[in-house]
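Tertiary structure, described
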Amino acid sequence: MAGDSVIAAVLGALESISAFAMPGGVNPVVFWLVGLGLLGPLVIRRRYPLLSAYLVLGAGFVQLLTHGPNLGGIDARMRGADIALGISLYTVVAYVSRRQGALYVLWLAVGTTAWAVWRQGFPGAVTPTVVIVVIFGFCWSLGEFSGARRAYHAEVERRLALLETERDQQARIAVGQERARIARELHDVVAHAVSVIVVQADGAAYAVRSQPDVAERAINTISATGREALTELRRLLGVLRSDDGESDRAPQPGAQSISDLAERVRAIGVPVRLDLTGELDDLPAGVGLGIYRIVQEALTNTIKHAGPGATAAVHVQRIGDRVELDITDRGPGTDRHPRLAALSSVGGNGLIGMRERANVFGGTLQAGPHTEGGWRVRAVLPVSTA
């Protein structure tokens, strides 16, 4: 409104100059009221474009009725305030629509043609009509250009806002995925460590008086398992604290760490037969971690559910561009708990995590009761992450 007020003030100055040549027969009060009606609405032309334009048009019709044919030639008697009609046309085209602009042009054409004919007569109205058409055509063109620029900038701003929204959504999705991954890691670490500690604590309590050496080995296993769990938890929590999502803790385990895992499970008292075949050392880090976690979760379930005297067999084989995992266990607990069969379909967090790890790399996983007794987990993971 400040800029439009300046425009109105400049046109008011031109109007003051034209007042010195005000022809006779025109009431000065009417002259200035018409000028105010032409220039005043320009102040609100951007906030209320249609209202401003039609107020200016109404003042133009009042000028037509009060300034009769005795005013002389158009070139000598044009008012500076008449420019407000062209500015209003520009405003309607640029800020409202072409349809409203065309309707406004229709009213302008009727008024200006009638004004020219009234003042100059029909033959003499051709020249002033052509001049007026050129002026208003120029105003229409400016309105089209300005409207197109405004529409372009509005579209650019809308797309930038959309891109920012998509960027924020992608960031939230990435954060959610990272949190889900860390949650699976925490589940694997805590579930395995707690299962080992509980089993060893029960064994130590049972053997503390009759077999002190067995109790001592169990307590040492509890201590080692607890330290390893704390190390893993520190690494994962370090990822959560780190701004760049990386941690300087120990590297994540891979397929080469399965031997150490089997040794720890054997130390608990569950015999594990391990068979590693093929080139497993050069696996991608993600695939190696997935293999390790699947084996870890399967052996954790053996410790928790297979019962006393259970045994396990782990077979990991790389064949070309895929790795096959086969983890089976035998124990009295499996047959006495048929509800475990339902876990393969509805899934606890452990089985769900194993399936998700396999799916991430485009692999497959089946888990359920073995046909020969016991429990079996079988997975196939492609080596290439593409």
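To be clear, the structure that these remarks concern was listed above.
Structural notes, computed from the coordinates. (Residues numbered from 1 in each chain as written. Predicted model: local features only at pLDDT ≥ 70, side-chain atom pairs only at ≥ 80, totals over all residues. Heavy atoms only, no water.)

**Overview of the overall build of the chain**
What counts is decided by this rule: Here a strand is any run of E in DSSP of at least two residues, a helix any run of H or I of at least four, and the numbering for each starts at the N terminus. In this scheme, a residue with accessible area under 20% of its type's maximum is buried, one over 50% is exposed, and one in between is partly exposed, where area comes from a 1.4 Å probe on protein chains only. Two residues form a contact once any of their heavy atoms are found within 4.5 Å.
Counting its secondary structure elements, the chain contains 13 helices and five strands. Looking at the chain residue by residue over its 386 residues, the buried ones come to 39%. Counting contacts in the chain only where the partners sit at least 6 residues apart, residues at least 24 apart contribute 70% of the total.

**Topic: the nonpolar core**
Put simply, the rule reads: In this description, a nonpolar core means a group of buried Ala, Val, Leu, Ile, Met, Phe, Trp, Tyr and Cys residues linked to one another through side-chain atoms lying within 4.5 Å.
Ile291, Val295, Val316, Leu325, Val377 and Leu381 are the most contacted members of the largest nonpolar core, which totals 36 residues. Within the residue set of this core, elements represented by two or more residues are helix H9 (258-268), helix H10 (285-305), strand S2 (311-319), strand S3 (322-330), helix H13 (349-360), strand S4 (364-369) and strand S5 (375-382). The greatest single-element share of this core, amounting to eight residues, is contributed by H10. Once residues lying within four places of it in the same chain are set aside, the contact partners of Leu381 are Val287, Ile291, Ile294, Arg322, Val323, Leu325, Ala358, Phe361 and Gly363. Residues Ala84, Val92, Phe136 and Cys139 belong to the second largest nonpolar core, which totals 22 residues.

**Description of the packing of aromatic side chains**
To be explicit about the condition: Each Phe, Tyr or Trp ring (for Trp, its six-membered ring) is paired with any other whose centre lies within 6.5 Å, and the angle between the two planes then decides the class: stacked below 30 degrees, edge-to-face above 60, tilted in between.
Using the criterion set out here, one finds two aromatic pairs in the structure. Judged by centre distance (5.4 Å) and plane angle (85°), the ring pair of Tyr54 and Tyr104 falls under edge-to-face. In this pair, Tyr54 is assigned in helix H3 (residues 49-66) and Tyr104 in helix H6 (residues 98-124), connecting sequence segments 50 residues apart. Given a relative accessible area of 29%, Tyr54 falls into the partly exposed group.

**Points about the sheet that holds S4**
Neighbouring strands of a sheet are bound in pairs by backbone hydrogen bonds; such pairs are parallel or else antiparallel. Stated precisely, the cut-off is as follows: The rule for pairing is simple: two strands pair if DSSP sees at least two bridges between them. For helices, the fitted axis covers only the stretch in contact; all axes are lines through C-alpha atoms, and the angles between them, taken along N-to-C directions, range from 0 to 180 degrees.
With mixed pairing, the five strands of this open sheet are ordered in space as S1-S2-S3-S5-S4. Taken across any chain shown, the strands that pair with only one partner, and hence form the sheet edges, are strand S1 (272-277) and S4. On average, each strand axis in the sheet is tilted by 5° relative to the strand beside it, whichever way the strands run. Lying over the sheet, H9 contacts S1 and S2, oriented at roughly 170° with respect to S1.

**Digging into a nonpolar patch on the surface**
Heads up, the rule is: Patch membership is restricted to residues that have no salt bridge and whose relative accessible area is over 30%. Joining uses 9 Å for like charges and 5 Å for the nonpolar side chains Val, Leu, Ile, Met, Phe, Trp and Tyr. For the area figures, the Shrake-Rupley method with a 1.4 Å probe applies, and any residue is considered shielded solely by the protein chains shown. Whenever a carboxyl oxygen of Asp or Glu lies within 4 Å of a side-chain nitrogen of Lys or Arg, that contact is scored as a salt bridge.
A cluster of nonpolar side chains, contributed by Leu103, Leu106, Trp107 and Val110, occupies part of the molecular surface with about 380 Å² of accessible area. By the element assignment, Val110 lies in helix H6.

**Brief notes about the environment of Gln317**
Applicable threshold: Within 3.5 Å is the distance limit for a polar contact, defined as a pair of N or O atoms, with the added protein rule that one can donate a hydrogen and the other accept it, and that residues adjacent in sequence qualify only through two side-chain atoms.
Topologically, Gln317 is positioned in strand S2. Taking C-alpha positions, Gln317 is 8.2 Å from Leu280, a pair spaced 37 residues apart along the chain. Excluding residues that lie within four positions of it along the chain, Gln317 makes contacts with Thr277, Arg322, Val323 and Glu324. Among the polar contacts made by the side chain of Gln317, one reaches the side chain of His315 at a distance of 3.3 Å.

**Let's talk about the environment of Ala183**
Tracing the chain through its elements places Ala183 in helix H7 (residues 126-207). Sequence separation between Ala183 and Gly353 is 170 residues; the distance between their C-alpha atoms is 9.6 Å.

**What about H3?**
Just so we agree on the cut-off: Multiplying one less than the number of residues by 1.5 Å gives the expected span of a helix. Here the arc refers to the set of directions running from the helix axis out to each C-beta atom.
Here H3 spans 26 Å end to end across 18 residues, near enough to the 26 Å set by a 1.5 Å rise per residue. Of all the positions in H3, only Pro49, Ser52, Ala53, Val56, Leu57, Ala59, Gly60, Gln63 and Leu64 are classed as buried. Projected down its long axis, H3 shows its buried positions confined to an angular sector of 160°, all on one face.

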